[in-house]
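Summary of the model geometry
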Amino acid sequence: MYRALASRALRAKSLCDNKSSSFLASFTSSRLNHSIPFATVDAEEISGAHPAEVQSFVQGKWIGSSNYNTLLDPLNGEPFIKVAEVEESGVQPFIESLAQCPKHGLHNPFKSPERYLLYGDISTKAAHMLALPKVSDFFTRLIQRVAPKSYQQAAGEVFVTRKFLENFCGDQVRFLARSFAVPGNHLGQQSHGYRWPYGPVTIVTPFNFPLEIPLLQLMGALYMGNKPLLKVDSKVSIVMEQMMRLLHYCGLPVEDVDFINSDGKTMNKILLEANPRMTLFTGSSRVAEKLALDLKGRIRLEDAGFDWKVLGPDVQEVDYVAWVCDQDAYACSGQKCSAQSMLFVHENWSKTPLLSKLKDLAGRRKLEDLTIGPVLTFTTEAMVEHMENLLQIPGSKLLFGGKPLKNHSIPSIYGALEPTAVYVPIEEILKDSKTYELVTKEIFGPFQIVTEYKKDQLPLVLDALERMHAHLTAAEVIGNSVNGTTYAGLRGRTTGAPQNHWFGPAGDPRGAGIGTPEAIKLVWSCHREVIYDYGPIPQGWELPPST
C-alpha cells in the first residue's frame, strides 16, 4: 500500500509542474467522473464494516503504527476510523525532521525567494480543487462524519478555506514578506525591516473545525518560510490527512510539512525535545497555559472563548436578532470557540417576544439534519449537572431545553443535549467570585446564559465583562472591552468569521490571529532589521580619542 501511495505522490508532483490551467483541465476531464485522485477514503462508505485508516507523514513518507486509536462514530457508536498514533518511542523521526530546518527557515527575503512564488502557485491549484463540486462535497461530507454539523455549516468551512487560498494566489504570498526602508544618518546608510521566519515550528489544533483552522494556520506558516509539524485532534485528523494528500497533489514539496497523529503526552514530549522556535496552539485555556510554561513563552494562543453579546436599549428587527442569537449559540451544537455563551438583554427587549422566538428557533433544530448533534468534549451528564448547579442560584430559571436528546444512538462518551438557555439575574452573577466562575464556565456545547439589565445597570454589565478571562469574540460593546473580534451594530454576531477579517483574541501578548495578512505576519514571522552602512568615510577622518 505504501509503495502505491508513494507512486501516486510522484505522479501527482509531476502533474503539478504544469501550468494551473492544464492541471485543472487534466483533472476535470479524466478523473472527475471516476474518483478523486488524491483521496484514499470515501466519506460515504466509512463505517464499522469499512473502517478508514489515518496515517502520519514524516520526512516525505506516509507511515503507519502498531498503536491504533479506534474512533467511535459520533452518531451510532460503531468503530469506524483507525488512527495510527505515534507512540513516545516513535517520536525521533519527527524531532530529526524539525532539526533539519535552520532557524532562518526554508525561505526568507534573501534565501530561495522563488519559494514565495511556489506557494502562490500551490494556493492557486488547491483553491481550484476546492472549487470543484465533487471535491468540495468530499470534504464537506468528511467533516460531517467526524464533527457532526449541518451540511451548510460544514460546507461553509470548506468555502472559507477555499476563499483563503484564493486570497493568497499569485504574488500575494511574496507580498506578505514586504519590507520597508528608513533613511539613515548619513550617505550610504539605510535601515531595512524584514519579516523573518522562525524555522522549525509546530501547530496544534482542535476538533471543531477539522479543515479550516489547521489549513489556514499551516499555509500561513509555510508562506512565511517555516517548516511546520502539524498535529490535529485525532478525532477529526482524517480530514486534514486527506487535505495533506490534496496539497501534495497540488505541488507541496513533501519535505516541507510533517503531520503527526498522537496523544497529548506524546506531542508534549516532541515539543519539549524538538524545541520548536514557535508553536501555535488552538484549544483549551488549561492546556494553553501549560504549554506556555513548557515552551518558555515561545507560543501563540487562540484559546477558549466564553463569548458574549450585549443587546442595547434600541429595539428593532426582533426576528432577525433572534435568528442571529440562535445561530451564534447553537450552530454546530455550540461547539465553536466563538459561540455565544452569554446574552445580556436590556429591559426594553423583555417587552418583545425575543426570548420566545429564540426558544422557537432552538426548537427547530433536530438530529436528523445535524442542526443539533453530538457534543464531543462534554457528556450529557456533565452538561445537565452544570445546568442543575446554575439553577441553585437564587432567581435563576430554565428558559428552554435542558433535556437529553431522544431517539438516538450517540455513544455515551459524547453529549446529546437539547439547545439550552438558563436565566441568571445579573446581580447574582456578580454577587461573589464563586458564582461568577460558575456562570462563566465554558460549556463547549449547545448551552448559554441569559441575563437582563435595566437602564441604570450598565455599570454591572461592564463589570461582568471586565472580569472575564477570555477575550475572543463579542457583539456590541467596544470602548469598554478588549475582545479581539468584536461585531457592532444591528447585524453584529459572535460566530461565522470569514477569511476576510482578523479572528483571534486580544489583550494578551501571546494572542494568535488567523486568516488575514496581519494575522499571518504576526503569528508566523518576526521582525528583523538590517542596517546597510556603506560609507563613504568622511573626508579627513582621523582616529578619535577613546570613549
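These numbers were taken from a predicted model, which means no experiment stands behind them.

So, about the overall build of the protein chain. The number of helices and strands found in the protein chain is 18 helices and 20 strands. Relative to its length of 547 residues, the protein chain is compact, with a C-alpha radius of gyration of 25 Å against a globular reference of 24 Å. Reported as C-alpha extents along the three principal axes, the dimensions of the protein chain are approximately 80 × 70 × 45 Å. Partitioning the contacts of the protein chain with sequence separation of at least 6, the portion at a separation of at least 24 is 75%. Surface accessibility of the protein chain: about 23700 Å² in total, with carbon and sulfur atoms responsible for 53%. Averaging the positions of the 55 positive and the 58 negative side-chain charges in the protein chain gives two centres separated by 4 Å.

Let us look at the environment of Asn76. Note on placement: Asn76 falls in the loop between strand E4 (68–72) and strand E5 (79–84). For the pair Asn76 and Phe180, spaced 104 residues apart in sequence, the C-alpha to C-alpha distance is 57 Å.

Moving on: the environment of Pro394. Relative to the helices and strands, Pro394 resides in the loop between helix H14 (380–390) and strand E15 (397–400). What makes Pro394 partly exposed here is its relative accessible area of 49%. For the pair Pro394 and Gly120, spaced 274 residues apart in sequence, the C-alpha to C-alpha distance is 58 Å. Excluding residues within four positions of it along the chain, Pro394 makes contact with Pro425 and Glu428.

With their axes 9 Å apart at the nearest point, helix H4 (residues 114–131) and helix H9 (residues 237–249) run at an angle of 125° to one another. Taken together, H4 and H9 sit at an angle that is classed as oblique. Where H4 crosses over H9, the handedness of that crossing is right-handed. Residues Ile122, Ala126, Met129 and Leu130 of H4 form the contact with H9, whose participating residues are Met243, Leu246, Leu247 and Tyr249. For the contact of H4 with H9, the per-class residue count stands at eight nonpolar, no polar and no charged.

Looking now at the sheet that holds strand E6 (residues 180–183). If you walk across this open sheet you meet the three strands as E6-E7-E20, and the pairing is antiparallel. Since the sheet does not close on itself, it has two edges, and those belong to E6 and strand E20 (526–533), each with one partner. Averaged over all pairs of adjacent strands, the angle between their axes in this sheet comes to 20°, without regard to strand direction. Inspection of the sheet shows strand E7 (residues 189–196) paired to E20 by eight bridges, in the antiparallel sense. The partner of Gln189 across the bridge, within E20, is Asp533.

Below, the discussion takes up the pairing of E6. Sheet analysis places E6 next to E7, joined by four bridges and oriented antiparallel. Residue pairing across strands places Pro183 opposite Gln190, the latter belonging to E7. Connecting E6 to the next strand, E7, in antiparallel fashion are five residues, including Gly188 with a positive phi near 90°.

Okay, the sheet that holds E4 next. Spatially, E1-E5-E4 is the arrangement adopted by the three strands of the open sheet, whose pairing is mixed. At either end of the open sheet lies a strand with only one pairing partner, and these are strand E1 (52–54) and E4. Taking each pair of neighbouring strands and ignoring which way they run, the sheet shows an average axis angle of 25°. In the sheet, E4 pairs with E5 via five bridges, with the strands oriented antiparallel. What sits directly across from Thr70, in E5, is Lys82. H9 contacts E1 and E5 of the sheet and is inclined by roughly 75° relative to E1.

Turning to helix H17 (residues 458–467), a few remarks are in order. Residues of H17 that are buried include every one of Val461, Ala464 and Leu465, and no others. What you see down the axis of H17 is that its buried residues fit within an arc of 95°, all on one side. Facing away from the buried side of H17 by over 90 degrees, the exposed positions are Pro459 and Glu466. As for H17, its buried residues are in contact with strand E13 (307–311), strand E14 (340–346), helix H15 (426–429), helix H16 (433–439) and strand E17 (447–453).

Turning our eyes to something else, we now look at the packing of aromatic side chains. Considering all chains together, one arrives at 14 aromatic pairs under this definition. Aromatic side chains Phe164 and Phe168 sit 5.1 Å apart centroid to centroid with 50° between the ring planes, which places their arrangement in the tilted category. For the residue pair Phe164 and Phe168, the accessibility class agrees, reading buried in each case. Between Tyr532 and Tyr534, the ring centres sit 5.9 Å apart and the planes meet at 25°, which makes this aromatic pair stacked. Under the relative-accessibility criterion, Tyr532 is labelled partly exposed at 22%. Taking the relative accessible area as the measure of exposure, Tyr534 reaches 68% and is therefore exposed. Three or more aromatic residues joined by ring pairs make a cluster, and in this case those are Tyr119, Phe164, Phe168 and Tyr223. Lying across the ring of Tyr423, Lys397 places its NZ or CZ 5.5 Å from the centre.

A word on the packing of H4 against helix H8 (residues 212–223). For the pair H4 and H8, interaxial distance at closest approach is 10 Å and the crossing angle is 155°. One way to sum up the angle between H4 and H8 is to call them roughly antiparallel. Taken together, the residues of H8 that come into contact with H4 (itself represented by Tyr116, Tyr119, Ile122 and Ser123) are Met219, Leu222 and Tyr223. Taken together, the residues of the contact of H4 with H8 break down into six nonpolar, one polar and no charged.

Membership of the largest hydrophobic core comes to 113 residues, with the highest contact counts inside it found for Phe139, Leu246 and Phe344. Once residues within four sequence positions are removed from consideration, Phe139 is found in contact with Phe38, Leu130, Val158, Leu211, Val239, Gln242, Met243 and Leu246. Listed in part, the 20 residues of the second largest apolar core include Val58, Ile270, Ala292 and Leu301.

Quick look at the confidence of the model for the protein chain now. Reading fine detail from the predicted coordinates is not recommended where pLDDT is low. Taken over all residues, the pLDDT of the protein chain has a mean of 90, while the share at 70 or more is 91%. This stretch, residues 1–34, has a pLDDT under 50; its non-local contacts, to residues over four places away or in other chains, come to 44 contacts.

Criteria and cut-off values
- Residues numbered from 1 in each chain as written.
- Predicted model: local features only at pLDDT ≥ 70, side-chain atom pairs only at ≥ 80, totals over all residues.
- Heavy atoms only, no water.
- Helix = DSSP H or I, 4+ residues; strand = E, 2+ residues; numbered from the N terminus.
- Rg over C-alpha atoms; globule rule 2.2 N^0.38 Å.
- Contact = heavy atoms within 4.5 Å.
- Areas by Shrake-Rupley, 256 points an atom, 1.4 Å probe, with all protein chains shown as cover.
- Lys, Arg positive; Asp, Glu negative; His and termini not counted.
- Charge placed at Lys NZ, Arg CZ, Asp CG, Glu CD.
- Buried < 20%, exposed > 50% of the residue type's maximum accessible area, 1.4 Å probe, protein only.
- Axes fitted to C-alpha atoms, helices over the stretch in contact; angles between N-to-C directions.
- Parallel < 35°, antiparallel > 145°, perpendicular 65-115°, else oblique.
- Left-handed = near helix turned anticlockwise from the far one by under 90°.
- Nonpolar A, V, L, I, M, F, W, Y, C, P; charged D, E, K, R; others polar.
- Pairing = 2+ DSSP bridges.
- Arc of directions from axis to C-beta.
- Phe/Tyr/Trp six-rings, centres within 6.5 Å; stacked < 30°, edge-to-face > 60°.
- Lys NZ or Arg CZ within 6 Å of the ring centre and 35° of its normal.
- Core = buried A, V, L, I, M, F, W, Y, C linked by side-chain atoms within 4.5 Å.
- pLDDT = per-residue confidence, 0-100.

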